[in-house]
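# Coordinate analysis (summary)
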Amino acid sequence: MREIEYREAIREAVMEEMNRDPKVFLIGEDIGKYGGAFRAYKGLLDMYGPERVINTPISEATIIGSGIGAAVTGYRPVAEIMFIDFTGLAMDQIVNQAAKIRYMTGDNLRCPLVIRTQGGAGRGVAAQHSQSLEAWFYHVPGLKVVMPSTAYDVKGLLKTAIRDDNVVVFIEHKMIYLNKGPVPEEEYIIDFGVADIKREGKDVTIFAYSNMVFKALEAAKDLEQEGISCEVFDPRTLVPLDMEALLKSVKKTNRLVVVTEACERGSVASDISAKVSSQAFDSLDAPVKIVAGLNTPIPYNSILEQASIPHKADIVKAVKEVLA
Amino acid sequence: MAELTKGQKIQFLRTILKIRRFEEKTIQMYQIAKIWGYLHPYVGEEAIAVGACAAINKSDYIISTHRGHGHSIAKGADLNRMMAELLGKATGYCKGRGGSMHIADTELGMLGANGIVGGGIPISVGAGFSCKMEAKGRVAVCFFSDGASNNGVFHEALNMAAIFNLPVIYVCENNMYAISMSSCDSIACKDIAKRAAAYDIPGVIVDGSDPEAVYRVVTEAVELARQGKGPSLIEAKTYRFGGHHPNDPADYRDKQEAEFYKREKDPVINYKKRLLEEKVISQTEIDTMEKEIITAVEDSVKFAEESPEPSLEKFLEEVRSI
Ligand SMILES: Cc1ncc(C[n+]2csc(CCOP(=O)(O)OP(=O)(O)O)c2C)c(N)n1
Ligand SMILES: [Mg+2]
């Protein structure tokens, strides 16, 4: 199968959906000629024109708000917030407006809005450009949260997100845009709430999403040398979550390590840990272990930055601890 | 307003050159990956920080942006500690934690560069409250660019500064771009200064390549602020000579446009020329000045390179204890 970059997969998904449905349009900062901060929209302005590729001023609240307004009046906007850190400026529109509008209006107003953004550390861009804030959105009823790791996943999930009649927060990771992966030429979509086992194993389940999937896979490879068989479980969508598949995996391996780049307090990881601990208590041979980022704003200095986020070695260590 | 003295003019030139040479060095260091992350050079815009900071005192505050090196230097920052910060070293202004986008220093009244566009504008209102409550005649100068003026916080902050009559001088460095977005396409009116009318405060346009012109208008605004007459909005017309950051080829803008500004509106070229014409300084004196500045910049690199990394052990300890 051909291999394409993660960002090319995004571009293909958007193009296919724009071709399929004239109601789909893109809105955000520097998405015109510039093609987006990570160049995922390269060439789209020329192809679709400024009415469907709307380049905006630096006005995050209104980027989201205008997405909502267009969505409730029949369009399917893909609104981009360049860094997840900047969703802070749009939080009222996301949390108080978008997330609730369909429910609180008794289904009167449907809001098929995709909020595309990216997060994560590793580029030396310090505290206001490196955060992992998925827990903010995971917490709020009314938002779906998608965090794809591979080119294949990002394409199939973004197409589903655009077709979804609800608000989807679609979170990419800045370190993986250039990663290449197999993506079929033929059209496909990936349903929400369906996890993907990125590697099968029998001794321990490693739950990881976004960029952490790759660190988990590296750890699993190393551990295999030592005769430890890891199952790498990628939920792909955090809301809805494929709890059934996760419980199935844990019932097979009897051990769980949950990996997240975000800091542990109030994280998706601690929620997953709590869920599995209560729902599969009898299957667990050891307490669930969380590997998380440190409780710190991300520092600029690269030694400190790297120390702030989980690495292969941390996952290897945690796996050994649950097996001890 | 008193005429500028020879000494002041020479100081203007010195600071403009200091910023220019420092920025050129940071770009070089970025290209060899000794500086990483995001770096937003202030090349072309130096005269604004120089003129504005010369119009205030050491005890006054400034609020800066992601393109903030020039503001810090004009406020009196130490090149060694700045360069050390850019290299992520323990001796840097932020102990290596912040990098280019977060340089701050209480001693200097520098309340911070900012990674969030517009992030400093509301903070200026608080600094303004503080200046007003303290009643010692202190003021705050808030720098931002065209792009930031399109964020909602701009409206909230200017309106509040106006209704509470706060001693804040808003200096918009309109360099015509926000990354790739041209200010002609992003701003509904031609001049950002016009927006001052909405808050019933003075709105003044000034040539941002002329440090003396900037100095004059900021001085007037500072006088109003110190007299309790509230905030002003100054729009300094300028141009970002390079891309948004060193790796941005800026191919979204017209080459001729960039060439025009570099040729006609370079504060380094123009101000040197003016001071030579006015016989405020001789070419030999400029050469000596340039040499001193280049040495200072080289020394800052040496200082930064020889400085220690922040301690990992200490970092881990601190993180565990919170
Ligand atoms: C709230 C927010 N939105 C977007 C960005 C990404 N970004 C960084 S700099 C920049 C352009 C800023 O333009 P302007 O305010 O004109 O400042 P200039 O770069 O021209 O100095 C953008 C969009 C950001 N850092 N913060
Ligand atoms: Mg600008």
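Residues numbered from 1 in each chain as written. Chains lettered and ligands numbered in written order. Predicted model: local features only at pLDDT ≥ 70, side-chain atom pairs only at ≥ 80, totals over all residues. Heavy atoms only, no water.

### Quick look at the sheet that holds strand 2 (residues 24-28) of chain A
Residues and elements named next belong to chain A. Read from one edge of the open sheet, 7 strands run 3-2-4-5-7-6-12, paired in mixed fashion. Whereas interior strands pair on both sides, the edge strands pair on one side only; in this sheet they are strand 3 (53-55) and strand 12 (237-239). Averaged over all pairs of adjacent strands, the angle between their axes in this sheet comes to 20°, without regard to strand direction. Of the strand pairs in this sheet, strand 2 and strand 3 are connected by 3 bridges, and their pairing is parallel. Within strand 3, the position partnered with leucine 26 by the bridge is valine 53. Where helix 1 (residues 6-20) meets the sheet, it contacts strand 2, strand 3, strand 5 (114-119) and strand 7 (168-173), and its direction lies at approximately 135° from that of strand 2. (Pairing = 2+ DSSP bridges. Helix = DSSP H or I, 4+ residues; strand = E, 2+ residues; numbered from the N terminus. Axes fitted to C-alpha atoms, helices over the stretch in contact; angles between N-to-C directions. Contact = heavy atoms within 4.5 Å.)

### Quick look at the environment of arginine 11 of chain A
All names here are of chain A. Relative to the helices and strands, arginine 11 is located in helix 1. What makes arginine 11 partly exposed here is its relative accessible area of 26%. Counting along the chain gives 221 residues from arginine 11 to valine 232, while the straight-line C-alpha distance between them is 27 Å. Excluding anything up to four places from it in sequence, arginine 11 contacts Ala40, Tyr41, Lys42 and Leu44. In this structure the side chain of arginine 11 is engaged in a polar contact, spanning 2.6 Å, whose partner is the backbone oxygen of lysine 42. (Buried < 20%, exposed > 50% of the residue type's maximum accessible area, 1.4 Å probe, protein only. Polar contact = N/O pair within 3.5 Å; in protein donor to acceptor, adjacent residues only side chain to side chain.)

### Some thoughts on the site of ligand 1
Lining the immediate environment of ligand 1, one finds 21 residues, of which Glu60 of chain A together with His66, Arg67, Gly147 and Asn175 of chain B sit closest. Glutamate 60 of chain A is positioned such that a nitrogen or oxygen atom in its side chain is 2.5 Å from a nitrogen atom of ligand 1. At 2.8 Å from a nitrogen atom of ligand 1 is found a main-chain nitrogen or oxygen belonging to glycine 115 of chain B. Expressed as a share of its isolated accessible area of 580 Å², the protein-covered part of ligand 1 is 97%. (Near = heavy atom within 4 Å. Areas by Shrake-Rupley, 256 points an atom, 1.4 Å probe, with all protein chains shown as cover.)

### Notes on the domain arrangement of chain A
All names here are of chain A. Its domain assignment divides chain A into domain 1 (3-182) and domain 2 (196-323). Relative placement of domain 1 and domain 2: their C-alpha centres are 26 Å apart. In this complex, domain 1 contributes 27 residues to the contact, which on the side of domain 2 involves 28 residues. For the pair domain 1 and domain 2, the two sides together bury roughly 2,100 Å², of which 60% comes from carbon and sulfur. Counting the surface domain 1 buries against domain 2, the share from its top three residues, Tyr138, Met147 and Ser149, is 28%. At the junction of domain 1 with domain 2, the criterion picks out 2 salt bridges. One salt bridge in this structure joins aspartate 153 and arginine 236, with 2.9 Å as the shortest N-O distance. The set of elements that each furnish at least two residues to the side of domain 1 that touches domain 2 consists of helix 5 (134-139), strand 6 (144-146) and helix 6 (151-163). (Domains from an automatic or database assignment. Buried area = accessible area lost by both parts, 1.4 Å probe. Salt bridge = Lys/Arg side-chain N within 4 Å of Asp/Glu carboxyl O.)

### Side note on the coordination of the magnesium ion (ligand 2)
Residue and element names in this part refer to chain B. Coordination of the magnesium ion (ligand 2) by the protein comes from Ser145 (OG), Asp146 (OD), Asn175 (OD1) and Tyr177 (O), over a distance range of 2.1 to 2.3 Å. Coordination geometry of the magnesium ion (ligand 2): the 6 donor atoms subtend angles of 74 to 177° at the metal centre, consistent with an arrangement described as octahedral. Donor residues for the magnesium ion (ligand 2) sit on one chain with the sequence pattern S-D-x28-N-x1-Y. Like aspartate 146, serine 145 is buried. (Donors = N, O, S within 2.8 Å, 3.2 Å for Na, K, Ca; no water. Tetrahedral: all angles 85-135°; square planar, octahedral: opposite > 155°, others 65-115°.)

### Section: the state of the cysteines
Residue and element names in this part refer to chain B. Counted under the stated rule, the structure contains 0 disulfides over all chains. With no disulfide of its own, cysteine 172 lies 9.8 Å from the sulfur of cysteine 142, the closest cysteine sulfur. According to the relative accessible area criterion, cysteine 172 is buried, its value standing at 0%. Unpaired in terms of disulfides, cysteine 184 finds its nearest cysteine sulfur in cysteine 189, a separation of 11 Å. Among the residues examined, cysteine 184 registers a relative accessible area of 63% and is labelled exposed. (Disulfide = S-S within 2.5 Å.)

### Some remarks on the interface of chain A and chain B
In this assembly, 32 residues from chain A lie in contact with 39 residues from chain B. Of all residues in chain A, Tyr34, Ile58 and Tyr300 of chain A give up the largest surface area on contact with chain B, accounting jointly for 25% of the area buried on that side. Our count for the chain A to chain B interface comes out at 0 salt bridges. In this assembly, chain A and chain B are joined by 14 residue pairs in polar contact (both at pLDDT 80 or more). Tallying contributions element by element places helix 10 (residues 302-308) of chain A first for the side of chain A that touches chain B, with 5 residues.

### Thoughts on the pattern of salt bridges
One pass over the structure, following the stated rule, counts 53 salt bridges over all chains. We note a salt bridge from arginine 20 of chain A to glutamate 17 of chain A, for which the minimum N-O separation is 3.4 Å. Here glutamate 17 of chain A and arginine 20 of chain A lie together in helix 1, a separation of 3 residues that amounts to about one turn. Exposure remark for arginine 20 of chain A: the relative accessible area of 49% places this residue in the partly exposed category. Taking relative accessible area as the criterion, glutamate 17 of chain A reaches 0% and is therefore assigned buried. Note that aspartate 210 of chain B and arginine 274 of chain B form a salt bridge whose closest N and O atoms lie 3.0 Å from each other. Taken as a pair, aspartate 210 of chain B in the loop between strand 6 (203-207) and helix 8 (211-226) and arginine 274 of chain B in helix 10 (residues 267-277) lie far apart in primary sequence, 64 residues in all.

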